[in-house]
Amino acid sequence: MAVTIPANVDTAIHEVWANLVLRDHLRAGTWGKFIGSQGSGSPIIQASELLGKPGDLIHIQTPFVAHCAGLRLARRLALPLVETYHTFFEEYLHHYVPFLPPPALRYAARRLSRGQCNAVDAVVVPSTAMAEVLKAYGVTAPLEILPTGIELERFAGGDGARFRAAHGIAAGRPTMLHVGRVAFEKNIPFLLRVLRRVHAELPEALLIIAGEGPAQQALRREASALGVLDNLLFVG
């Protein structure tokens, strides 16, 4: 089945009702019922009923439970299924499951990624490098490279002076910014190494990290080891 993604698709379509239904079941501890239930009145069909129409395709943004839910919904509604794959899991699973041997985790990540990607009609990846990784895994589903970008005009109305005043940042201090979840798979240590090199030329440079996540304390320790902890600011 060929799936064509229009160039003018608005990013707002990612606000899918299915995510709300799944979230409620995760909070209630009934995700197993969500995945396994059958029939038109089951939770897996509630997303479509809330929309009032089946839609044109199902888009999966995250793996694991969400993948199972999206796959089941796509089959139930006979719709094309597209998945976005944007995390190099084999390099980061050991941060979350440290009690298992890294080689076993890498094998599991590759096998899971191959199986999930080959179960959909098309896979969206953010870079050529990620596409090559999936091909090496044995993924045969069509791969569409679609870099993750931002619409700069949405941020044109920001008040930089007010932000600096609120966080005690001098008006002329050079700043760099990372916005995103503070997780190990985001490769934020790379930015700390960049900061160290920038710091050698601009000692007053400041890296601002806007986000929260499990890697924050590890990043503080690494920044301290690199001698740039005073040049790092977390703003949540």
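In what follows, the structure referred to is the one given above.
Residues numbered from 1 in each chain as written. Predicted model: local features only at pLDDT ≥ 70, side-chain atom pairs only at ≥ 80, totals over all residues. Heavy atoms only, no water.

### Here's the deal with the overall build of the chain
Next, step 1: Of regular secondary structure, the chain possesses 10 helices and 7 strands.
Next, step 2: Counting the 236 residues in the chain, one finds 33% classified as buried.
Next, step 3: Considering only intrachain contacts with a sequence separation of at least 6, the fraction spanning at least 24 residues in the chain is 64%.
Next, step 4: Carbon and sulfur atoms form 57% of the exposed surface of the chain, whose accessible area is close to 14500 Å². (Helix = DSSP H or I, 4+ residues; strand = E, 2+ residues; numbered from the N terminus. Buried < 20%, exposed > 50% of the residue type's maximum accessible area, 1.4 Å probe, protein only. Contact = heavy atoms within 4.5 Å. Areas by Shrake-Rupley, 256 points an atom, 1.4 Å probe, with all protein chains shown as cover.)

### Comments concerning the nonpolar core
Next, step 1: Among the nonpolar cores identified, the biggest contains 21 residues, and Leu-81, Tyr-85, Val-123, Val-125 and Leu-134 are the most heavily contacted of them.
Next, step 2: A per-element tally of this core places helix H7 (residues 128-137) first, with 5 residues. (Core = buried A, V, L, I, M, F, W, Y, C linked by side-chain atoms within 4.5 Å.)

### A closer look at helix H6 (residues 102-117)
Next, step 1: For H6, built from 16 residues, the straight-helix expectation of 22 Å at 1.5 Å per residue is met to within 8% by its first-to-last C-alpha distance of 22 Å.
Next, step 2: Where H6 is concerned, the buried positions are Leu-105, Ala-109, Ser-113, Gln-116 and Cys-117. One side of H6 carries all its buried residues, which in axial view fall inside an arc of 90°. Turned more than 90 degrees off the buried face of H6, the exposed positions are Tyr-107 and Arg-111. (Expected span 1.5 Å × (residues − 1). Arc of directions from axis to C-beta.)

### Concerning the sheet that holds strand S3 (residues 122-125)
Next, step 1: Reading across the sheet, the 4 strands line up as S1-S2-S3-S4 and stay open at both edges, with parallel pairing between neighbours. The sheet is open, and its two edges are formed by strand S1 (58-60) and strand S4 (143-145), each paired on a single side. Direction aside, the axes of adjacent strands within the sheet are offset by 25° on average. (Pairing = 2+ DSSP bridges. Axes fitted to C-alpha atoms, helices over the stretch in contact; angles between N-to-C directions.)

### Thoughts on the sheet that holds strand S6 (residues 206-210)
Next, step 1: The 3 strands lie next to each other as S5-S6-S7, forming an open sheet whose pairing is parallel. The sheet is open, and its two borders are formed by strand S5 (175-179) and strand S7 (232-234), each paired with just one other strand. Each strand of the sheet is rotated relative to its neighbour by a mean of 20°, with strand direction disregarded.
Next, step 2: As paired elements, S5 and S6 share 5 bridges and run parallel to each other.

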